[in-house]
Amino acid sequence: MEKRWIERKPVAVAHSEETRICNVQAALDWMMEMICTTDCRCFAVNKALFCEDFYTLKTGLAGEILQTYLIVEQGDAVHLIDKHAAHERMNFEALRRSAEIHSQLLLAPVTVRLNKAELSAVEEHLDLLQKGGFEVEIFGTDAVLVRSVPAMLDGANIADLICEIAEKLLEHKTDIEPEKLDWIFHSTACRAAVKAGDVTSPAEQRLFVEKLLSMPDIRYCPHGRPVMIKVSRYEIERQFGRA
């Protein structure tokens with residue numbers, strides 16, 4: 001893949017090096033505080049925090065912080081993308097839109113121990129699990145065998161995932177079938193998504209942003225958290241005393 005590098009020349013400033021470092025650190029601390037302490041519920045009602053033209057205007061990947069958030073420049077704003085939340089929603093949409101979930105056969109079946117109620121819930125929903133990409137069969141009086149799983153679950157802990165799905169089937173036993181299937185998709189999408197702290201190369205980050213740009217309906221993860229927040233140039237420059 002072709003890599004394009006942009007040379008950034010140093011700019012002379014009147015402030016001392018010590019002052020400059022302090023200002024930069026203060027701005028970074030402020031941006032981290034926005035990520036970690038802002039009430040996520042505000043994003044559901046404040047559309048201004050999203051740039052409606054994000055998916056059409058020219059953007060540039062500036063990097064990654066905390067091995068979790070991608071920084072994307074766009075016009076006079078910076079977008080911080082939660083790569084796990086965004087990837088989880090992408091996976092979820094891919095599962096929901098598939099006419100048939102592509103599964104992979106496990107090299108060896110996985111035995112999962114369940115309590116009586118969980119086992120009963122799984123047994124009752126074997127056909128639904130099949131629709132979700134799982135081939136599961138009852139094994140004795142306290143376990144199931146998992147023979148195949150959705151292909152996107154490469155390297156995931158299958159036993160933990162089946163236990164989680166069993167708990168959700170119990171918790172939402174009064175839901176209609178499409179809603180139950182969505183819960184299975186939620187769990188699968190989350191387990192298959194890149195995790196906070198996972199190392200991603202610059203090439204992978206660029207491809208990730210390009211894919212996100214091709215899906216303009218992606219705004220929130222399946223749990224309702226925002227996949228990105230917007231920080232305006234004015235907000236950044238105000239922290240540096242420029243505005």
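Coordinates for the structure precede this section.
Residues numbered from 1 in each chain as written. Predicted model: local features only at pLDDT ≥ 70, side-chain atom pairs only at ≥ 80, totals over all residues. Heavy atoms only, no water.

Draft legend 1. Summary view of helix α6 (residues 177–192). With 16 residues, α6 should cover 22 Å at 1.5 Å per step; its first-to-last C-alpha distance of 23 Å lies within 8% of that length. Along α6, the residues that are buried comprise Lys180, Leu181, Ile184, Phe185, His186, Ser187, Thr188, Ala189 and Ala192. Residues of α6 that are buried sit in contact with α2 (83–97), α4 (126–131), β6 (143–150) and α5 (158–171). (Helix = DSSP H or I, 4+ residues; strand = E, 2+ residues; numbered from the N terminus. Expected span 1.5 Å × (residues − 1). Buried < 20%, exposed > 50% of the residue type's maximum accessible area, 1.4 Å probe, protein only. Contact = heavy atoms within 4.5 Å.)

Draft legend 2. Looking closely at the nonpolar core. Within the largest apolar cluster, 28 residues are counted, with the highest numbers of intra-cluster contacts made by Phe134, Val144 and Val146. Mapped onto this core, the elements with two or more residues apiece are α2, β4 (103–113), α3 (116–124), α4, β6, α5 and α6. When residues in this core are grouped by element, the largest group, six residues, is from α5. Not counting residues within four places of it along the chain, the set of residues in contact with Phe134 comprises Leu129, Ser148, Val149, Pro150, Leu153, Leu161, Ile162, Ile165, Ile184 and Thr188. Counting residues in hydrophobic clusters, the runner-up holds 14 residues, among them Ala86, Val209, Leu212 and Met228. (Core = buried A, V, L, I, M, F, W, Y, C linked by side-chain atoms within 4.5 Å.)

Draft legend 3. Structural context of the pairing of strand β5 (residues 135–138). The pairing of β5 with β6 spans four bridges and is classified as antiparallel. Along β6, the bridge assignment pairs Glu135 with Ser148. (Pairing = 2+ DSSP bridges.)

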